Amino acid sequence: MKSYPFSRYTIEPTPCARLAKPLGESRVALVTTAGLRTPDQGDFDRSNKRGDPSFREIPNTIETRLLVESHRSYSFDHEAVRSDVNLAFPLDRFRELESRGVIGALNHRHFSFMGSIVGPRRLIDETAPQVARTLAEDRVDAVFLTPV
Amino acid sequence: MCQQTVCLLQAAIERAGMATVSISLLREVTSVIKPPRALFVPFPMGYPLGAPNDAPLQHQIIAAALGLLERDKVPVLEEFT
C-alpha cells in the first residue's frame, strides 16, 4: 500500500474520554470497517467513487460465519477474512472475554462500515456522529475498532 | 482508506463520551490523524488481528489493545510486539 495517501484529516485536539469503570464492568461495542453485513441487509454501494459512508447494524446475537464480507478494496486479501471473520470483526473473541469476565458485557449491537471512503465529509458530518450517538444511548462504555 | 475511516469513527465516538481503542495497520496514517488510542500491528492489510483461525494470537492482540483503554494521556500509538 505504498500509494496510500497521507490523510488530510488530523484530529485536533485529540478527544479523550476516560474509561468510567473497570473493563470488567464495562459495556463494550465493536466497530469494523471491513464492509460486513448480515445476509438480509443490502450491500454497500461499491460504485460510489467517493465511498459509501453508510453503515450496517450487526446484532450481537449473529452467528459470525453468516456475515457477508463485501468490501470493494483490491488492496487486501479477502480470502483470509472470509475464512475467519474474527480477523477483522472479533465478535467470537469478545464473547470469550465476556464469558471470562474480562469485559462486563457486549452491547446488543455493533456497527460495520465499508472503509474505502475517499471523500469522508458525509461520514464526518452524518454517519459517524449518528453511530456515536447510538452507542452513547446504548450506554456503551468502551469501543474497539478494527480496519481491514 | 480503511485506516482513515477507523480513525475518524474513533474520534466521533470518543467525542460522544466513550473510551475507544483501534487497531492500526498503517502507522503513517494513524500518526497523522491522531486518534486517541491505537495499537499498531506488523501485519499486512486484511490481517488486523494477525491470522485467521488463530484465536490465541487474536486474543493477544486484543488484550494489548484493551490495555491501552485506561490511558488518558492521548494520543497513544503503541506497537504490538
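One can find the structure itself at the top, above this paragraph.
Residues numbered from 1 in each chain as written. Chains lettered and ligands numbered in written order. Predicted model: local features only at pLDDT ≥ 70, side-chain atom pairs only at ≥ 80, totals over all residues.

Engineer: Account for the overall build of chain A, with residues named and values stated.
Structural biologist: When you go through chain A residue by residue, the secondary structure sums to three helices and seven strands. What you see in chain A, going N to C, is helices and strands ordered as β-β-β-β-α-α-β-β-α-β. Its C-alpha atoms give chain A a radius of gyration of 16 Å, within 12% of the compact-globule value 15 Å for 148 residues. Across the 148 residues of chain A, 41% fall into the buried class. At a minimum sequence separation of 6, the contacts of chain A that also span at least 24 residues come to 80%. (Helix = DSSP H or I, 4+ residues; strand = E, 2+ residues; numbered from the N terminus. Rg over C-alpha atoms; globule rule 2.2 N^0.38 Å. Buried ≥ 20, exposed ≤ 12 C-beta atoms within 10 Å, placed from the backbone. Contact = placed C-beta atoms within 7 Å.)

Engineer: Would you mind going over the overall build of chain B in detail, with residue names and values included?
Structural biologist: The helix and strand inventory of chain B stands at three helices and three strands. The C-alpha radius of gyration computed for chain B amounts to 12 Å, which stays within 12% of the reference 12 Å derived for 81 residues, consistent with globular compactness. Expressed as a percentage of the 81 residues in chain B, the buried residues total 56%. Restricting the contact set of chain B to residue pairs at least 6 apart, pairs at least 24 apart contribute 48%.

Engineer: Residues and numbers for the environment of Gly17(B), please.
Structural biologist: Counting through the fold element by element, Gly17(B) comes out in the loop between helix 1 (2-15) and strand 1 (19-24). A count of 15 C-beta atoms within 10 Å places Gly17(B) in the partly exposed class. Contact partners of Gly17(B), with chain neighbours within four places excluded, come to Ala17(A) and Ala136(A).

Engineer: Go over helix 2 (residues 91-99) of chain A, please, and point to the residues and values.
Structural biologist: Side chains that are three or four residues apart share a direction in an α-helix, a result of its 3.6 residues per turn. Turning to helix 2 of chain A, its buried residues number three or more, namely Leu91(A), Arg93(A), Phe94(A) and Leu97(A). For helix 2 of chain A, the buried positions fall inside an angular range of 155° around the axis, keeping them on one side. In this fold, the buried residues of helix 2 of chain A make contact with strand 1 (27-32), strand 5 (105-106) and strand 6 (109-113) of chain A together with helix 3 (55-66) of chain B. (Arc of directions from axis to C-beta.)

Engineer: Outline the interface of chain B and chain A, supporting the account with residue identities and numerical values.
Structural biologist: Every contact between the two is made by 49 residues of chain B and, on the other side, 53 residues of chain A. Of all elements in the fold, only helix 1, strand 1, helix 2 (27-33) and helix 3 of chain B reach the threshold of two or more residues within the side of chain B that touches chain A. The element best represented in the side of chain B that touches chain A is helix 1 of chain B, accounting for 13 residues. Split by residue class, the side of chain B that touches chain A holds 32 nonpolar, 11 polar and six charged. Of the strand pairs in this sheet, strand 7 (residues 142-146) of chain A and strand 1 of chain B are connected by four bridges, and their pairing is parallel. Bridge pairing in strand 1 of chain B places Leu145(A) opposite Ser22(B). (Nonpolar A, V, L, I, M, F, W, Y, C, P; charged D, E, K, R; others polar. Pairing = 2+ DSSP bridges.)

Engineer: Pulling in residues and values, what's your account of the pairing of strand 3 (residues 76-79) of chain B?
Structural biologist: Residues and elements named next belong to chain B. Sheet analysis places strand 2 (residues 37-40) next to strand 3, joined by four bridges and oriented parallel. By the bridge assignment for strand 3, Phe40 is matched with Glu79. With respect to chirality, the unit in which strand 2 leads through helix 3 into the neighbouring parallel strand 3 is left-handed. (Right-handed = clockwise from strand over helix to strand, strands pointing away.)

Keep in mind these values describe shape, not function.
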